[in-house]
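# Breakdown of the fold
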Amino acid sequence: MELLSPVPTIKGPDTLFTGDVWIDTIYRGEDPSRTRLNSVRFSPCARTAWHTHAVGQTLHVTEGIGVVATRDGRVIVMRPGDTVWTPPGEEHWHGATAEHFMTHLALWEGDDVTWGVHVTDKEYADAQPTTNGESH
């Protein structure tokens, strides 16, 4: 058994995120484990770039309101307690809504993340929830 030392919070790099994003690494497995677990805090309008995970990714919202969107136009509005899984190779992005902060736990395996282009303002706007809380 080992008490792991906390890792300092880092700012999400502009190459991978739009807006202000802060990342706390909770766990980074060492061989043979490939598990990664981060707590990621998004300011309103902040989001990831498009990306895929070789073996999928699980997101669990702890506070705020966020969205996950895929290239085929599917959008899920996420609230505290919601868990969303993106399957291996599915291109997606996630982030906070325009009017709320959002924090989620991000769980995935390995360093096999393929990063793409930034989400455009139109793609982001199209994924925002309407007044009834659903996506456009």
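The structure this text deals with has already been given above.
Presented here is a report on the structure given in the accompanying data block. (Residues numbered from 1 in each chain as written. Predicted model: local features only at pLDDT ≥ 70, side-chain atom pairs only at ≥ 80, totals over all residues. Heavy atoms only, no water.)

## Regarding the side chain of Q57
As for its placement among the helices and strands, Q57 is situated in strand β7 (residues 57-64). Residue Q57 is classed as buried on the basis of its relative accessible area of 4%. Ignoring sequence-local partners within four residues, the contact set of Q57 consists of H51, V84, W85, T86, H92, H94, A106, L107 and W108. (Helix = DSSP H or I, 4+ residues; strand = E, 2+ residues; numbered from the N terminus. Buried < 20%, exposed > 50% of the residue type's maximum accessible area, 1.4 Å probe, protein only. Contact = heavy atoms within 4.5 Å.)

## Quick word on the sheet that holds strand β12 (residues 102-109)
Pairing within the open sheet is antiparallel, and its 6 strands lie in the order β1-β3-β4-β12-β7-β10. In the strand order of this sheet, the two ends are held by β1 (10-11) and β10 (83-86), each with one partner. In terms of strand pairing, β7 meets β10 through 4 bridges, oriented antiparallel. Residue pairing in the sheet places T58 in a bridge with W85 of β10. (Pairing = 2+ DSSP bridges.)

## Describing the pairing of strand β9 (residues 75-78)
The pairing of strand β8 (residues 66-70) with β9 spans 4 bridges and is antiparallel. Considered in β9, the bridge of G66 is made with M78. Where β8 hands over to β9, the hairpin turn is made up of 4 residues, of which G73 adopts a positive phi near 95°.

## Focus: unusual backbone geometry
In this structure, P32 follows D31 across a cis peptide bond, with omega equal to 10°. Within the secondary structure, P32 sits in the loop between β3 (21-28) and β4 (35-42).

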